[in-house]
Amino acid sequence: MLILAFSDYMSQAKRLSTVLDIPLQHVYLHQFPDGESLLRLPPALPEHVIICRSLNQPNDKLIELLMCSKTARQLGAKRVTLVAPYLCYMRQDIANQPGEAVSQRVIGQMLAEQFDDVITVDPHLHRIANLNQAIPIENAISLTASNEIAEFLQKQLDAAVLFGPDSESEQWVSAIADTCGCEYTVAEKIRVGDKKVSIKLPDFDFENKTVVIIDDMASTGRTLATATRLLLNTGAGQVNAVITHALFCDDAETHILQSGLKQIWSTDSIDHSTACIHLDRLLGQAVKAII
Ligand code: R5P
């Protein structure tokens with residue numbers, strides 16, 4: 001077996017290689033001036049290859065992934081596993097207007113055609129219960145980082161109220177609060193536009209409390225910034241956040257910092273300065289279970 005790793009996801013892939021005791025080799029990647037990608041894999045591959053790369057900034061990466069998996073098979077791999085802690089294009093699961101592409105289905109089908117197994121962490125599944133409804137293969141494996149986040153928080157804070165910014169976050173907030181043995185509450189959120197959300201706080205006493213916002217991802221940062229402002233206005237002592245997938249697009253971080261959020265922690269599903277919760281053991285266990 002062999003792990004194939006890209007430079008932009010090398011430290012996470014190395015950690016996975018260490019927990020699994022499986023060798024790792026590098027996929028050489030060159031970007032031509034016109035935006036096309038050149039990939040070079042090790043010329044001889046074992047029967048089972050694991051490609052480890054998260055799929056944030058997805059459009060280039062999906063093309064590269066397609067080239068990587070097809071080339072891996074041409075070079076001898078009979079089984080190709082994708083470990084993508086962040087899985088892109090999972091949010092759009094219906095056509096909101098006639099003619100719209102249902103990206104979850106399209107990308108899910110593409111991954112199903114390329115990979116024997118797909119392992120990911122807390123994908124944003126809204127209206128479907130199982131990942132293999134989106135990626136129609138038996139080994140479409142959806143893990144949750146809730147235990148890793150709970151363990152991290154237990155070491156970090158003595159007493160805190162966990163806060164979910166919307167109803168979708170309740171699954172993660174309640175699981176983490178259960179393990180940590182702390183209170184949690186969930187707000188209502190309406191997304192008004194790409195960079196605009198409206199949040200209604202629940203009826204809860206935040207006065208002087210340390211609040212930790214729990215969310216699966218931060219993209220524009222508007223959810224975190226809006227929630228933080230409201231929580232501080234209502235008397236919270238301090239507001240921190242734990243995010244599974246730190247996408248942080250464009251001006252997200254500036255926006256969040258201006259809101260008064262004290263500290264952001266994230267998992268290393270995406271390489272980011274806030275990434276301090278490692279997922280290697282979780283991913284390693286999942287790989288071990290299928291090999
Ligand atoms: C949405 O339902 C997700 O759970 C996140 O709350 C959302 O994607 C965060 O996006 P943004 O950072 O753009 O507000």
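Residues numbered from 1 in each chain as written. Predicted model: local features only at pLDDT ≥ 70, side-chain atom pairs only at ≥ 80, totals over all residues. Heavy atoms only, no water.

K.L.:
I'm lost on the overall build of the protein in this one. Help?
P.N.:
Assigned secondary structure in the protein consists of 9 helices and 16 strands. Taking 2.2 N^0.38 as the reference for a compact globule, 291 residues should give roughly 19 Å; the C-alpha atoms of the protein span a radius of gyration of 20 Å, in line with that estimate. Its C-alpha atoms put the protein at 60 × 45 × 35 Å along the principal axes. Every one of the 291 residues in the protein was classed for burial, and the buried ones make up 53%. Considering only contacts within the protein whose residues lie at least 6 apart along the sequence, 66% involve residues at least 24 apart. A total of about 13500 Å² of accessible surface is found on the protein, and carbon and sulfur atoms cover 47% of it. (Helix = DSSP H or I, 4+ residues; strand = E, 2+ residues; numbered from the N terminus. Rg over C-alpha atoms; globule rule 2.2 N^0.38 Å. Buried < 20%, exposed > 50% of the residue type's maximum accessible area, 1.4 Å probe, protein only. Contact = heavy atoms within 4.5 Å. Areas by Shrake-Rupley, 256 points an atom, 1.4 Å probe, with all protein chains shown as cover.)

K.L.:
Where do I start with helix H7 (residues 222-233) in this structure?
P.N.:
Spacing of three or four residues puts side chains on the same side of an α-helix, whose turn is 3.6 residues. Between its first and last C-alpha atoms H7 spans 16 Å; for 12 residues at 1.5 Å apiece the expected length is 16 Å, and the two agree. Among the residues making up H7, those that are buried are Arg222, Thr223, Leu224, Ala225, Ala227, Thr228 and Leu231. At the C-terminal side of H7, Gly235 shows a positive phi close to 110 degrees. (Expected span 1.5 Å × (residues − 1).)

K.L.:
How should the side chain of Ser266 be read in this particular structure?
P.N.:
With respect to the helices and strands, the residue Ser266 is situated in strand E15 (residues 263-267). If we ignore the near neighbours within four places in the chain, the residues touching Ser266 are Ile243, Ala246, Thr274, Ala275, Cys276 and Ile277.

K.L.:
It is not clear to me how the pattern of salt bridges should be interpreted in this structure. Could you clarify?
P.N.:
Pairs can form between side chains of opposite charge whenever their charged atoms are close. In total, this model carries 11 salt bridges according to the counting rule given. Between Glu64 and Arg53 there is a salt bridge; the shortest N-O distance is 2.7 Å. Within this pair, whereas Glu64 is found in helix H2 (residues 58-74), its partner Arg53 is found in the loop between strand E5 (48-52) and H2, the two being separated by 11 residues in sequence. Take Glu64 and Arg53: they sit in the same class, and that class is buried. Measuring nitrogen to oxygen at the nearest pair gives 2.7 Å for the salt bridge that ties Arg127 to Asp93. Residue Arg127 is found in the loop between strand E7 (117-121) and helix H4 (131-134), and its partner Asp93 is found in the loop between strand E6 (79-83) and helix H3 (103-114); the two are separated by 34 residues along the sequence. (Salt bridge = Lys/Arg side-chain N within 4 Å of Asp/Glu carboxyl O.)

K.L.:
Help me understand the site of the ligand, please; the structure alone is not making it clear to me.
P.N.:
Lining the immediate surroundings of the ligand are 15 residues, of which Asp215, Asp216, Ser219, Thr220 and Thr223 lie closest. Lys189 places a side-chain nitrogen or oxygen 2.9 Å from an oxygen atom of the ligand. For the ligand, an oxygen atom lies 2.6 Å from a polar atom in the side chain of Asp216. Protein burial of the ligand: of its 380 Å² of free accessible surface, 93% is covered by the chains. Taking a 2 Å distance to the grid points as the criterion, the majority of the atoms of the ligand fall inside the largest pocket. Taken together, the elements giving at least two residues each to the shell around the ligand come down to strand E11 (188-193), strand E13 (210-218) and H7. (Near = heavy atom within 4 Å. Polar contact = N/O pair within 3.5 Å; in protein donor to acceptor, adjacent residues only side chain to side chain. 1 Å grid on protein atoms, 1.4 Å probe; cavity = no way out; pocket = protein on both sides within 12 Å on 5 of 7 lines; lining within 4 Å. Sits in = over half its atoms within 2 Å of the grid points.)

K.L.:
Hey, could you run me through unusual backbone geometry in this one?
P.N.:
Glycine aside, residues mostly have negative phi angles, and peptide bonds mostly take the trans form. For Asp122, which is not a glycine, the phi torsion comes out positive at approximately 40 degrees. Looking at the secondary structure, you find Asp122 in the loop between E7 and H4. What makes Asp122 buried here is its relative accessible area of 5%. A positive phi angle, close to 60 degrees, is found at Asn208, a residue other than glycine. Considering the arrangement of structural elements, one finds Asn208 in the loop between strand E12 (196-200) and E13. Owing to a relative accessible area of 64%, Asn208 belongs among the exposed residues under this scheme.

K.L.:
Can you help me understand the nonpolar core in this one?
P.N.:
The nonpolar side chains of a soluble globular protein tend to be buried, and buried together. With 38 residues, the main nonpolar core has Leu4, Ile51, Leu82, Leu111 and Ile135 as its most contacted residues. Listed by contribution, the elements that provide at least two residues to this core are strand E1 (2-5), E5, H2, E6, H3 and H4. Ignoring sequence-local partners within four residues, the contact set of Ile51 consists of Leu4, Phe6, Leu65, Cys68, Ser69, Val80, Thr81, Leu82, Val83 and Phe115. Core analysis: the next-biggest nonpolar cluster, separate from the first, contains 37 residues, Leu16, Phe152, Leu162 and Ile214 among them. (Core = buried A, V, L, I, M, F, W, Y, C linked by side-chain atoms within 4.5 Å.)

K.L.:
How should I be thinking about the sheet that holds strand E14 (residues 238-246) in this particular structure?
P.N.:
Strand order across the open sheet formed by 6 strands is E10-E9-E13-E14-E15-E16, with parallel pairing between neighbours. Sheet topology places strand E10 (184-186) and strand E16 (275-277) at the edges, where each strand pairs with a single neighbour. Taking the axes of each pair of neighbouring strands and ignoring which way they run, one obtains an average angle of 35 degrees across the sheet. Both E14 and E15 contribute to a ladder of 4 bridges, which runs parallel. When the sheet's bridge partners are listed, Ala241 is paired in E15 with Ile264. Against the sheet, H7 makes contact with strand E9 (161-164), E13, E14 and E15, and its axis sits at roughly 165 degrees relative to E13, the strand it touches most. (Pairing = 2+ DSSP bridges. Axes fitted to C-alpha atoms, helices over the stretch in contact; angles between N-to-C directions.)

K.L.:
Just to check I follow, could you spell out the packing of H2 against H3 for this structure?
P.N.:
The geometry of a pair of packed helices is captured by two quantities: the angle between their axes and the separation between those axes. Where H2 contacts H3, the two axes come as close as 10 Å, and the packing angle between them is 20 degrees. Comparing their axes, H3 and H2 come out roughly parallel. H2 and H3 meet at a crossing whose hand is left-handed. In this structure, H2 contributes Leu62, Leu65, Leu66, Ser69, Lys70 and Arg73 to the contact, and H3 contributes Ile107, Met110, Leu111 and Gln114. (Parallel < 35°, antiparallel > 145°, perpendicular 65-115°, else oblique. Left-handed = near helix turned anticlockwise from the far one by under 90°.)

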